[in-house]
Amino acid sequence: FFSSLRTFFSLSCPRFSGLFDLDAKLPVMANTANFVTAEAALDLANIRASLRRQEDSIVFSLIERAQYRLNQYIYEPDCLGLDEFKRHQLRSAGSNACLADYLLYQTECIHAQARRYTHPTETSFFSPLPSSVLPTVPQETILAPHNVNINPKLLELYRSSILPEICEDGDDTNHGSAAVQDVHTLQTIATRVYFGLFVAESKFRSNREAFSEMIRARDSEGLMAAITKPEVEASNIRRVVLKAATFSQDIDAPGSTVTSPTSAPPRAEGKAAKYKVPPEFVGRVFKDYIMPLTKEVEVDYLLQRLDHDGQP
């Protein structure tokens, strides 16, 4: 996606083309799942490496959102700052016409023009979206056709359960900054959740007979049990908590000691470490929201996996 966005600006905005060295390496970003073959995309080692990078992006995005207050104003329906046309457009797309939805939808419209939503793990929160201004790139088919979409549930969980835990209540008037950071955080989490599509397809191909039997029986519980690895999930949560503790810890001065939530506070200061976001809560975000949503995506996809003939 980011390669497409870079090309988009270079072609449509020549005056800025010097900002993009087309031969330079792009930094590794959460959404850069640059798999050009099904074999690479469905390789579990590649998937695990990408998921770990995405953990970093999610933790950092939560830290960035936590610097602003909750700013409930940006989620209130029928934002008076939007004219009637914009509110009608949002309502037609399934929104309550709040400011946060407006900025999210507008961002998705821009990203759609750079081919973001042609990637199999990218699903927009709103539609319709404009067509890409970039030429179509032939891609190997990786996933079976499906209509999996848990974005409404993700949006509700993010606003009602996650934000109140990481943001101080009240209004600091940073409405635009908070809404823009919401866009980044939601898109980053969504990409992580929809990576479950690759996981589900990989597991299906590795044990086609067993999964096909459960799919034909519509055995959702059996599928959920088959894709759930409690020991792996526990290890992932511990890693996320440690990352959150490391990334969000306030370092007061050079030479300060960085601690994990389970280690003793620096004796020289005699104070417990302070965090921009509670590390244990970030672990619960993954345990209670991100992982369950990911597995819901996997099961929903698997239940549709045999609906189309001729798939790999």
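Before any of the text, the structure's been laid out above.
Residues numbered from 1 in each chain as written. Predicted model: local features only at pLDDT ≥ 70, side-chain atom pairs only at ≥ 80, totals over all residues. Heavy atoms only, no water.

1. Thoughts on the overall build of the protein
A tally of regular secondary structure across the protein gives 12 helices and zero strands. When each of the 312 residues of the protein is scored for burial, the buried share is 45%. Across the protein, contacts joining residues at least 24 apart in sequence account for 72% of those joining residues at least 6 apart. Within the structure as shown, the protein displays about 16300 Å² of accessible surface, and the carbon and sulfur contribution to it stands at 53%. (Helix = DSSP H or I, 4+ residues; strand = E, 2+ residues; numbered from the N terminus. Buried < 20%, exposed > 50% of the residue type's maximum accessible area, 1.4 Å probe, protein only. Contact = heavy atoms within 4.5 Å. Areas by Shrake-Rupley, 256 points an atom, 1.4 Å probe, with all protein chains shown as cover.)

2. Quick look at the environment of leucine 155
Residue placement: leucine 155 occurs in helix α6 (residues 151–166). Residue classification places leucine 155 among the buried residues on the basis of a relative accessible area of 13%. Measuring from C-alpha to C-alpha, the distance between leucine 155 and aspartate 101 comes to 9.8 Å, with 54 residues separating the pair along the chain. When neighbours within four sequence positions are excluded, leucine 155 is seen to be in contact with Asp101, Leu104, Phe125, Phe126 and Leu186.

3. Side note on the pattern of salt bridges
Throughout the structure, instances matching the rule amount to 17 salt bridges. With a closest N to O distance of 2.7 Å, arginine 91 and glutamate 84 form a salt bridge. Judged by relative accessible area, which is 45%, glutamate 84 ranks as partly exposed. With a shortest N-O distance of 3.1 Å, lysine 276 and aspartate 250 are connected by a salt bridge. Placement of lysine 276 in the loop between α11 (230–248) and α12 (279–304) and of aspartate 250 in the loop between α11 and α12 is noted, with a sequence separation of 26 residues between them. Residue aspartate 250 is classed as partly exposed on the basis of its relative accessible area of 34%. Through salt bridges with shared partners, one network takes in Glu55, Asp56, Arg239 and Lys243. (Salt bridge = Lys/Arg side-chain N within 4 Å of Asp/Glu carboxyl O.)

4. Points about helix α8 (residues 196–206)
The buried count for α8 comes to nine of 11 residues, which makes it a mostly enclosed element. In this structure, the buried side of α8 is in contact with α2 (38–41), α3 (44–66), α7 (175–194), α9 (208–216), α10 (220–227) and α12.

5. Overview of the side chain of histidine 175
Positionally, histidine 175 belongs in helix α7. The buried category is assigned to histidine 175, whose relative accessible area is 18%. Separated by 2.9 Å, the side chains of histidine 175 and aspartate 171 make a polar contact. The contacts of histidine 175, once residues within four sequence positions are left out, are Asn71, Tyr73, Ile74 and Leu99. (Polar contact = N/O pair within 3.5 Å; in protein donor to acceptor, adjacent residues only side chain to side chain.)

6. Notes on the packing of aromatic side chains
Scanning all chains against the criterion turns up three aromatic pairs. Measuring from centroid to centroid gives 5.7 Å for tyrosine 105 and phenylalanine 126, while their planes differ by 55 degrees, and the two rings are tilted. Residue tyrosine 105 is located in helix α5 (residues 99–112), and its partner phenylalanine 126 is located in the loop between α5 and α6; the two are separated by 21 residues in the primary sequence. The buried category is assigned to phenylalanine 126, whose relative accessible area is 4%. Judged by centre distance (5.3 Å) and plane angle (70 degrees), the ring pair of phenylalanine 195 and phenylalanine 198 falls under edge-to-face. For phenylalanine 195, a relative accessible area of 1% translates into the label buried. (Phe/Tyr/Trp six-rings, centres within 6.5 Å; stacked < 30°, edge-to-face > 60°.)

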